[in-house]
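# Chain and residue survey
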Amino acid sequence: MPSYRAPVKDTAFVLDAIVGLSRHADLPGFESASPDVVTAILEEGGKFCAEVLAPLNLSGDIEGCTRHADGSVSAPGGFKAAYAQFCEAGWGTLVADPHWGGQGLPYTIGAVMQEYMASSNMAFAMYPGLNEGAQAAIEVVGSPEQKAKWLPNMVHGRWTGTMNLTEPQCGTDLGLIRTRAEPASDGSWRISGTKIFISAGEHDLSENIVHLVLAKTPGAPDSVKGISLFIVPKFLVNDDGSLGARNGVTCGSIEHKMGIHANATCVMNYDGAAGYMLGEEMKGLAAMFIMMNAARLGVGIQGLAQGEVAYQNAVSYARDRLQGRSLTGAKNPDGKADPIIVHPDVRRMLMDARATNEGLRALILWGGLQVDLTKCARTEEERTRADDLISLLTPVIKGYGTDKGYEIATNCQQVFGGHGYIREWGMEQFVRDARIAQIYEGTNGIQALDLVGRKLGAKGGRGTQAWLAMVGGDVAAASDERLAFVTGPLQKSLADLQACVMWLLQHGMANPDNAGAGATAFMHLMGHVALGHMWLLMARASLAALDDGSNDPDFYNAKLITARHFAARVLPETSALRARVEAGAEPMMAMPAEMF
């Protein structure tokens, strides 16, 4: 059976050394994130995930969800009780507005819990995760009446939310949607159409499900400019807040999919269902992007989460599994073989995983801080800068983070050899679950195109310039010669990145295929530099802790060893990634389609 323990110590280090929670204690929300509160969240949240959610991960994957004849769906055994515990403990209220019953803590703290939940049970974590995204959209564009009607029950988890975008004929190109909304005499709308791939579309965990549905109104342009967004509940809500009749929305089927079996991914049929416009007519895509942007950060967290749990299990196995002898002499002379953790190629996979996971955790929580600062920083200039930075890095966190999460899960499966291919060890589930994160909320190719085609040059390249200056400034300021092992490689990688930015500005404008051909390589190059920057900051903090006589020198020395691995064995990849970007589109686009 696979196991999981929350990386509480590493999270606490990142929150202190990278996020600097204490430096923001005077900001709204942060004043409640006192050290004792944060410690309790990390420890108790980690305990809940390890003891309640993780034991349901394998059984939930095997059992899956069940659709009944009436179109209702049951989650796997144990999920309903676990969800009740989740709600009773208030885990879903952490970052919600206190006005609606939330605790008002920073998003950064919520991101920690998202990681722990997705590591322990990714399919379960998606139910409350989608609910938080739906809440965000209603909070931003909903009317006061809509907020009062829907948010309190959603915040407390009595009702959950979903997002309904995709249809059989359209995914990324939402201008092709066919779902229609017809006005009703009472001011509501009647929604008709079919949506597919709807995560948590139907289940028995909550009393009601609040679907956010994209549809087109009569006479709207047949493009993305004609899309509106609607609240369509599973059960209608009476004026006194009680639940009324079942609405005209049902689950037509559950998708038979590669992973996340315990999350009900549904085909949803809308047959004249009552809906309520959220925001302005034909402004639905902008409203939905509020939810999608939050979801993209959440999916990046899923990449880290699957990488982390796969790494933990691979380390445990590598310490125990005896196979062969060390190349430099027996390390277990009393046994017939050495544990496989002594072998360099096993170490390669484990160290790559550790270095990437810890770097991603730092980048994601740093990104979480930027999300918080967009709302509560002291000055408008600081809020704008934070928004520029997180807008630039969101496709990197989602795209690079999930590519790496899948790569780590696969490599950690490899550590198990044949046992990794057998269900009972859990590794093949981590691989299958990690795979979807590269696909949904915009495939990673779309993330790369968004980065290169939109984010780099947004607002005159203001965010790109600010981030490059920040990384370059931290490299230049790291004058301690003990940091040369990371500043040297990072400086070279930063130069590769800057050269690619200039190349794309010149050649991507001349031929857009050049930007498209190099987009994924560029996203990975930028991801390497972003993690290299995090490792510089973590190495600097670790040296300072050791200099101050830390009572946990092993932890900080391990940080320095891992930083050295990333700098020596990962950062040099940026030169190859640069070559791929600068190769342009011609070799890729030269072959006629019929010759494939």
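Residues numbered from 1 in each chain as written. Predicted model: local features only at pLDDT ≥ 70, side-chain atom pairs only at ≥ 80, totals over all residues. Heavy atoms only, no water.

As judged from the 9 bridges shared by strand β5 (residues 189–199) and strand β11 (residues 265–277), these two strands associate in the antiparallel manner. Each bridged residue has a counterpart across the sheet, and for Ser-199 the counterpart in β11 is Thr-265. Relative to β11, strand β7 (residues 227–233) runs antiparallel, the two being bridged by 2 bridges. Residue pairing in the sheet places Ile-231 in a bridge with Tyr-276 of β11. Note that strand β10 (residues 249–254) and β11 share 5 bridges and pair antiparallel. Bridging across to β11, Cys-251 finds its partner in Met-268. (Pairing = 2+ DSSP bridges. Helix = DSSP H or I, 4+ residues; strand = E, 2+ residues; numbered from the N terminus.)

Attention shifts here to the nonpolar core. In a soluble, globular protein the nonpolar side chains are often hidden away together inside. Counting residues in hydrophobic clusters, the biggest one holds 187 residues, and the most contacted among them are Leu-212, Leu-393, Trp-467 and Phe-522. Sort the elements by how many residues they give to this core and helix α14 (residues 512–547) lands first, with 18 residues. Those residues in contact with Phe-522 that sit more than four places away from it in its chain are Leu-451, Val-452, Leu-456, Leu-497, Cys-500, Val-501, Leu-504 and Val-581. (Core = buried A, V, L, I, M, F, W, Y, C linked by side-chain atoms within 4.5 Å. Buried < 20%, exposed > 50% of the residue type's maximum accessible area, 1.4 Å probe, protein only. Contact = heavy atoms within 4.5 Å.)

This next bit is on unusual backbone geometry. A positive phi is found at Met-282, a non-glycine position, where the angle reads about 65°. Even without a glycine there, the phi angle at Lys-459 is positive, about 55°. Note that Lys-459 resides in the loop between α11 (444–455) and α12 (462–477). Exposure remark for Lys-459: the relative accessible area of 53% places this residue in the exposed category.

Attention now goes to helix α5 (residues 107–141). Taking 1.5 Å as the rise per residue, α5 with 35 residues should run 51 Å; its terminal C-alpha atoms sit only 19 Å apart, a clear shortfall. Of all the bends in α5, the greatest, near 135°, is centred on Asn-121. In terms of residue burial, α5 counts as a mostly covered element, since 28 of its 35 residues are buried. (Expected span 1.5 Å × (residues − 1). Bend = angle between axes of the 7 residues up to and from the residue.)

Quick look at a nonpolar patch on the surface now. Nonpolar side chains collect at one region of the surface, where Met-591, Met-595 and Phe-596 lie side by side and expose about 390 Å² of accessible area between them. Relative to the helices and strands, Phe-596 resides in the segment after α17 (586–589). (Patch = residues over 30% accessible without salt bridge, like charges linked within 9 Å, V, L, I, M, F, W, Y side chains within 5 Å. Areas by Shrake-Rupley, 256 points an atom, 1.4 Å probe, with all protein chains shown as cover. Salt bridge = Lys/Arg side-chain N within 4 Å of Asp/Glu carboxyl O.)

Turning our attention to the packing of α14 against helix α15 (residues 553–570). It is at 9 Å that the axes of α14 and α15 come closest, and there the two elements cross at 150°. By the criterion of interaxial angle, the relationship of α14 to α15 is roughly antiparallel. For the pair α14 and α15, the sense of crossing is left-handed. Contacts between α14 and α15 involve His-528, Leu-531, Gly-532, Trp-535, Met-538, Ala-539, Ser-542, Leu-543, Ala-545 and Leu-546 from the first element and Pro-553, Tyr-556, Asn-557, Lys-559, Leu-560, Thr-562, Ala-563, Phe-566 and Val-570 from the second. Residue classes in the contact of α14 with α15 are distributed as 13 nonpolar, 5 polar and 1 charged. (Axes fitted to C-alpha atoms, helices over the stretch in contact; angles between N-to-C directions. Parallel < 35°, antiparallel > 145°, perpendicular 65-115°, else oblique. Left-handed = near helix turned anticlockwise from the far one by under 90°. Nonpolar A, V, L, I, M, F, W, Y, C, P; charged D, E, K, R; others polar.)

Right, let's get into the packing of aromatic side chains. As enumerated under the stated definition, the model contains 15 aromatic pairs in all. When the ring of Phe-555 is compared with that of Tyr-556, the centres are 5.1 Å apart and the planes differ by 90°; the resulting orientation is edge-to-face. Judged by its relative accessible area of 14%, Phe-555 falls in the buried class. Among the aromatic residues, those joined into a cluster by ring pairs are Phe-48, Phe-79, Tyr-83, Phe-86, Trp-91 and Phe-124. Above the ring of Tyr-276, the side-chain terminus of Lys-149 is found at 5.1 Å from the ring centroid. Against the face of Tyr-406 rests Arg-435, its NZ or CZ located 5.4 Å from the ring centre. (Phe/Tyr/Trp six-rings, centres within 6.5 Å; stacked < 30°, edge-to-face > 60°. Lys NZ or Arg CZ within 6 Å of the ring centre and 35° of its normal.)

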